[in-house]
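The primary structure of each chain is shown beneath.
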Amino acid sequence: MAESTRKRFKHPVAHLVLCIGAVFMVGPFLWQVSTSLQTFGESVGVPPTFVPDSPQWSNLSTVFNALPFGRELLNTTVMTIARTVGQVFFSALAGFAFARMQFRGRGVLFAVFLSVTMVPYQVFLLPQFQIMQKLGLLNTLVALFLPGMFSAFGTFLMRQFFRQLPAEIEEAARIDGAGIVQIFWRIMLPMAAPGMIALGVLVVIWSWNDLLWPLVVNSDPRQMPVSAGLASLQGQYTTNFPVLMAGSLVASLPVIVVFIVFQRQLMSGIAFSGVKG
């Protein structure tokens, strides 16, 4: 009887905790939507305004007038697609090599490769900038996505995923005369689709929101992604928060859609890749 009562008590408490967590997670997004429809006076008023008296839908059009917003969205899309395709492909190649191929120094090489994840991202900014400068790629779209096409974390994630695949399938393919390229391309790669989708979603979210690297390599507004363009709306003394929030809302919608569509594959891929080391 006591155990049954304890179970009935746990469920309402769990739901209460989840509801509180949902409020903290969704609250900033709802505040963003509210602010994007306010006037400037309402956005800086005290006490704060939660529901605008007259929704200012014109804030959305103001964003496109204040910035080359359409061009920046296109730049962000190109940067995100290139980074995602490149990182998933190269990480799958490297992950398969570390997980399935036997060669001298594999463990040491992987440890050195993985140690890159422990170095702060900012440490690589200056060397990468110098490489882009020597290649003559500053203020170009290529500079936005080229360094982001390679990832130590992506290699680690794909290695973990390939390690979970049954070895019997690979052995059967070798008996049938398949080479290493055929095994990777026709057998292992299709089976690793959940891991690639999980990695792809993570890369999309990271690339779409990336701000620091675009500010380092680009000063031309026509070559900037939307994250850097929105940062330019913040003035030294005052900021038009409704317009800034309207632009942020439009820019965040594609990422939200991608996460909603692929959230199940993202969770299953990450969970599967972490079964064993």
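Our subject is the structure that appears above.
Parameters at a glance
- Residues numbered from 1 in each chain as written.
- Predicted model: local features only at pLDDT ≥ 70, side-chain atom pairs only at ≥ 80, totals over all residues.
- Heavy atoms only, no water.
- Helix = DSSP H or I, 4+ residues; strand = E, 2+ residues; numbered from the N terminus.
- Rg over C-alpha atoms; globule rule 2.2 N^0.38 Å.
- Buried < 20%, exposed > 50% of the residue type's maximum accessible area, 1.4 Å probe, protein only.
- Areas by Shrake-Rupley, 256 points an atom, 1.4 Å probe, with all protein chains shown as cover.
- Lys, Arg positive; Asp, Glu negative; His and termini not counted.
- Charge placed at Lys NZ, Arg CZ, Asp CG, Glu CD.
- Patch = residues over 30% accessible without salt bridge, like charges linked within 9 Å, V, L, I, M, F, W, Y side chains within 5 Å.
- Salt bridge = Lys/Arg side-chain N within 4 Å of Asp/Glu carboxyl O.
- Axes fitted to C-alpha atoms, helices over the stretch in contact; angles between N-to-C directions.
- Left-handed = near helix turned anticlockwise from the far one by under 90°.
- Contact = heavy atoms within 4.5 Å.
- Nonpolar A, V, L, I, M, F, W, Y, C, P; charged D, E, K, R; others polar.
- Core = buried A, V, L, I, M, F, W, Y, C linked by side-chain atoms within 4.5 Å.
- Phe/Tyr/Trp six-rings, centres within 6.5 Å; stacked < 30°, edge-to-face > 60°.
- Lys NZ or Arg CZ within 6 Å of the ring centre and 35° of its normal.
- Parallel < 35°, antiparallel > 145°, perpendicular 65-115°, else oblique.

Enquirer: What should I look at first to understand the overall build of the chain in this one?
Expert: When you go through the chain residue by residue, the secondary structure sums to 14 helices and 0 strands. Its helices and strands taken in sequence order, the chain reads α-α-α-α-α-α-α-α-α-α-α-α-α-α from the N to the C terminus. In summary, the chain has a C-alpha radius of gyration of 24 Å against a globular reference of 19 Å for 277 residues, an excess of more than 25%. The C-alpha extent of the chain, read off along each of the three principal axes, is 75 × 75 × 30 Å. Every one of the 277 residues in the chain was classed for burial, and the buried ones make up 36%. With the model as given, the accessible surface of the chain reaches about 16,100 Å², and the carbon-plus-sulfur share is 71%. Charged side chains in the chain number 17 positive and 10 negative. The centres of these two groups are separated by 10 Å.

Enquirer: What is the right way to read a nonpolar patch on the surface from this model?
Expert: A cluster of nonpolar residues, Phe89, Phe90, Leu93, Met101, Phe103, Leu109, Phe150, Ile180, Val181 and Trp185, forms a patch on the protein surface that exposes about 920 Å² of accessible area. Those elements giving two or more residues to the nonpolar patch turn out to be α4 (69-100) and α10 (180-191). Mapped onto the elements, Phe90 comes out in helix α4.

Enquirer: Help me understand the packing of helix α9 (residues 167-175) against α10, please; the structure alone is not making it clear to me.
Expert: When two helices pack together, their arrangement is given by the angle between the helix axes and by the axis-to-axis distance. At a closest axis distance of 10 Å, the pairing of α9 and α10 adopts a crossing angle of 145°. Between α9 and α10 the crossing geometry is right-handed. Counted together, Ile169, Glu170, Ala173 and Arg174 of α9 and Ile180, Ile183, Ile187, Met188 and Met191 of α10 form the full contact between these two elements. Looking at the contact of α9 with α10 residue by residue, the classes come out as 7 nonpolar, no polar and 2 charged.

Enquirer: Whenever I open this one, the pattern of salt bridges confuses me. Can you help?
Expert: Side-chain pairs of opposite charge can arise where the charged atoms are in close proximity. According to the stated counting rule, one finds 3 salt bridges in the structure shown. Arg100 is paired through a salt bridge with Glu170; the nearest N and O atoms lie 3.4 Å apart. With a gap of 70 residues between them, Arg100 in helix α4 and Glu170 in helix α9 connect regions that are remote in the sequence. Residue Glu170 is classed as buried on the basis of its relative accessible area of 7%. For the salt bridge of Arg174 with Glu170, the shortest nitrogen-to-oxygen distance reads 3.0 Å. Linking Arg174 with Glu170, this pair stays in helix α9, spanning 4 residues, or about one helical turn. On the basis of relative accessibility, which here comes to 42%, the residue Arg174 falls in the partly exposed class. When salt bridges that share partners are traced, they join Arg100, Glu170 and Arg174 into one network.

Enquirer: I keep staring at the nonpolar core and nothing clicks. Help me out?
Expert: The tendency in soluble globular proteins is for nonpolar side chains to be buried side by side. Core analysis: the largest hydrophobic core is formed by 18 residues, its most contacted members being Ala92, Met158 and Phe162. Only α4, α8 (152-164), α10 and α11 (193-209) provide two or more residues apiece to this core. Excluding anything up to four places from it in sequence, Ala92 contacts Met158, Phe162, Phe184, Leu189 and Met196. Core analysis: the second largest hydrophobic core is formed by 12 residues, Val63, Phe69, Leu73 and Trp208 among them.

Enquirer: Would you mind going over the packing of aromatic side chains with me for this structure?
Expert: The description of an aromatic ring pair rests on the distance of the ring centres and on the angle between the ring planes. Scanning all chains against the criterion turns up 11 aromatic pairs. Relative to Phe90, the ring of Phe89 has its centre 5.5 Å away and its plane inclined at 65°; by these criteria the two rings are edge-to-face. Members of the aromatic cluster, connected to one another through ring pairs, are Phe96, Phe162, Phe184 and Trp185. Here the basic side chain of Arg83 rests over the ring of Trp206, its NZ or CZ set 4.6 Å away from the ring centre. The residue whose ring lies beneath Arg159 is Phe110, and the NZ or CZ to ring-centre distance is 4.2 Å.

Enquirer: Honestly, the side chain of Gln223 in this entry has me stumped. Any pointers?
Expert: If you trace the backbone, Gln223 turns up in the loop between α12 (212-217) and α13 (226-231). Excluding residues that lie within four positions of it along the chain, Gln223 makes contacts with Arg71, Asn75, Asn139, Thr140, Leu141, Leu144 and Asn218.

Enquirer: When you look at the packing of α4 against α10 in this model, what are you seeing that I'm missing?
Expert: In the contact formed by α4 and α10, the axes pass within 12 Å of each other and the chain directions differ by 110°. What the angle tells us is that α4 and α10 run roughly perpendicular. Classified by chirality, the crossing of α10 by α4 is right-handed. Contacts between α4 and α10 involve Phe89, Ala92, Leu93, Phe96 and Arg100 from the first element and Ile180, Ile183, Phe184, Trp185, Met188 and Leu189 from the second. Grouping the constituent residues of the contact of α4 with α10 by class yields 10 nonpolar, no polar and 1 charged.

Enquirer: Hey, could you run me through the side chain of Thr76 in this one?
Expert: Within the secondary structure, Thr76 sits in helix α4. The contacts of Thr76, once residues within four sequence positions are left out, are Trp208, Pro225 and Val226.

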